[in-house]
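One-letter residues, chain by chain:
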Amino acid sequence: MGLLDTILGRSKPVRPDLDQLFAVPSAALTLQAATGLVPTGLGSVCFAGVEGSAFARVRQDVRELLDADTVRGGVPVEFSRDAYGYTWLLARQPPEDTAALVNDLHAVNTLLQDGGFGPQLLCSLVGFRDERGRALALVYLYKRGTFYPFAPVPGGAEKRDNQLELEVRAALGDDLRVEQDLSRWFPVWGAPGF
């Protein structure tokens, strides 16, 4: 960062640290103890779709990597597109194996980043639920290198359970790098994976 950037108040963007995803399994234990929310075994990666053979090759590599265990009964990865034109990849693992799910999400992010598509990565999320039917996603913002909780109110209305989100933030402050700027806690309505 140069002197002019300092004078004008500009800062360098945070470099994505995909290894932050590996903190999610231990955070899941903290989350379960503090709130009763348990992993669903679902997680997803969101990225801006790109056309072209290079991207198609990376997408095929992702599919081959994550679908490798379908021969042994694993569930194939699913791709979908949302109303805004973003592509979502949905990965599934047994709910008790959050580490395997995180490995899958990390692998997808790494393949896209190493393939030159890092700027297209938006977020990754891991889903949780409790006995009362409350749903929560821990969302990793790729460009910020931080997590935030997203908790839609059960019932389909586009309302958030802000109390639960703040409770989760307080519970996970020592486990994850939580996004401090609440205006960056974007809703991910209808996202696959939780």
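All figures in this text were calculated on a predicted structure; none of them were measured in a lab.

In the structure shown here, the tally under the stated rule is one cavity of 30 Å³ or more. Here the largest cavity defines a volume of roughly 40 Å³. Taken together, Leu138, Phe147, Tyr148, Pro149, Val168, Leu172, Leu176 and Val178 form the lining of the largest cavity. Looking at the lining of the largest cavity, the elements that each hand over two or more residues are strand 6 (146-150) and helix 5 (162-172). It is strand 6 that contributes the most residues to the lining of the largest cavity, three residues altogether. Across the lining of the largest cavity, the residue classes tally to eight nonpolar, no polar and no charged.

Along the chain, Phe79 falls in strand 2 (residues 78-81). Phe79 sits in the buried class, given a relative accessible area of 18%. Measuring from C-alpha to C-alpha, the distance between Phe79 and Leu89 comes to 4.6 Å, with 10 residues separating the pair along the chain. Once you skip the residues sitting within four places of it in the chain, Phe79 turns out to touch Phe47, Arg59, Val62, Arg63, Thr87, Trp88 and Leu89.

This brings us to the pairing of strand 2. With four bridges connecting them, strand 2 and strand 3 (residues 86-92) associate as antiparallel partners. Paired with Ser80 across the two strands is Trp88, which belongs to strand 3.

Direction of pairing for strand 1 (residues 38-48) relative to strand 4 (residues 121-129): antiparallel, over a ladder of seven bridges. Within strand 4, the residue paired with Val45 across the bridge is Ser124. In the sheet, strand 1 pairs with strand 3 via seven bridges, with the strands oriented antiparallel. Each residue of the ladder has a partner; that of Ala48, found in strand 3, is Tyr86.

Here the focus is the pattern of salt bridges. Pairs may arise between side chains of opposite charge once their charged atoms sit close together. Throughout the structure, instances matching the rule amount to six salt bridges. Residue Glu78 is joined to Arg92 by a salt bridge in which the shortest nitrogen-to-oxygen separation is 2.6 Å. Of this pair, Glu78 sits in strand 2 while Arg92 sits in strand 3, placing them 14 residues apart in sequence. The class of Glu78 is partly exposed, set by a relative accessible area of 37%. Taking relative accessible area as the criterion, Arg92 reaches 31% and is therefore assigned partly exposed. Between Asp130 and Arg132 there is a salt bridge, with its nearest N and O atoms 3.9 Å apart. Taken together, the shared-partner salt bridges in this structure form one network comprising Asp130, Arg132 and Arg134.

Take helix 2 (residues 24-35) next. End to end, helix 2 covers 15 Å across 12 residues, agreeing with the expected 16 Å (1.5 Å per residue, within 8%). Listing the buried residues of helix 2 in full gives Val24, Ala27, Ala28, Leu31 and Thr35. Within helix 2, the buried residues cover an arc of 110° as seen down the axis, which keeps them to one side. Helix 2 presents Leu29 and Ala33 as exposed residues on the side facing more than 90 degrees away from its buried surface. Lining the buried residues of helix 2 we find strand 1, helix 4 (98-117), strand 4, strand 5 (135-141), strand 6 and helix 5. Two residues or fewer after helix 2 comes Gly36, characterised by a positive phi angle close to 85°.

Cut-offs applied
- Residues numbered from 1 in each chain as written.
- Predicted model: local features only at pLDDT ≥ 70, side-chain atom pairs only at ≥ 80, totals over all residues.
- Heavy atoms only, no water.
- 1 Å grid on protein atoms, 1.4 Å probe; cavity = no way out; pocket = protein on both sides within 12 Å on 5 of 7 lines; lining within 4 Å.
- Points joined across faces, edges and corners; volume = space filled by probe spheres on them.
- Helix = DSSP H or I, 4+ residues; strand = E, 2+ residues; numbered from the N terminus.
- Nonpolar A, V, L, I, M, F, W, Y, C, P; charged D, E, K, R; others polar.
- Buried < 20%, exposed > 50% of the residue type's maximum accessible area, 1.4 Å probe, protein only.
- Contact = heavy atoms within 4.5 Å.
- Pairing = 2+ DSSP bridges.
- Salt bridge = Lys/Arg side-chain N within 4 Å of Asp/Glu carboxyl O.
- Expected span 1.5 Å × (residues − 1).
- Arc of directions from axis to C-beta.

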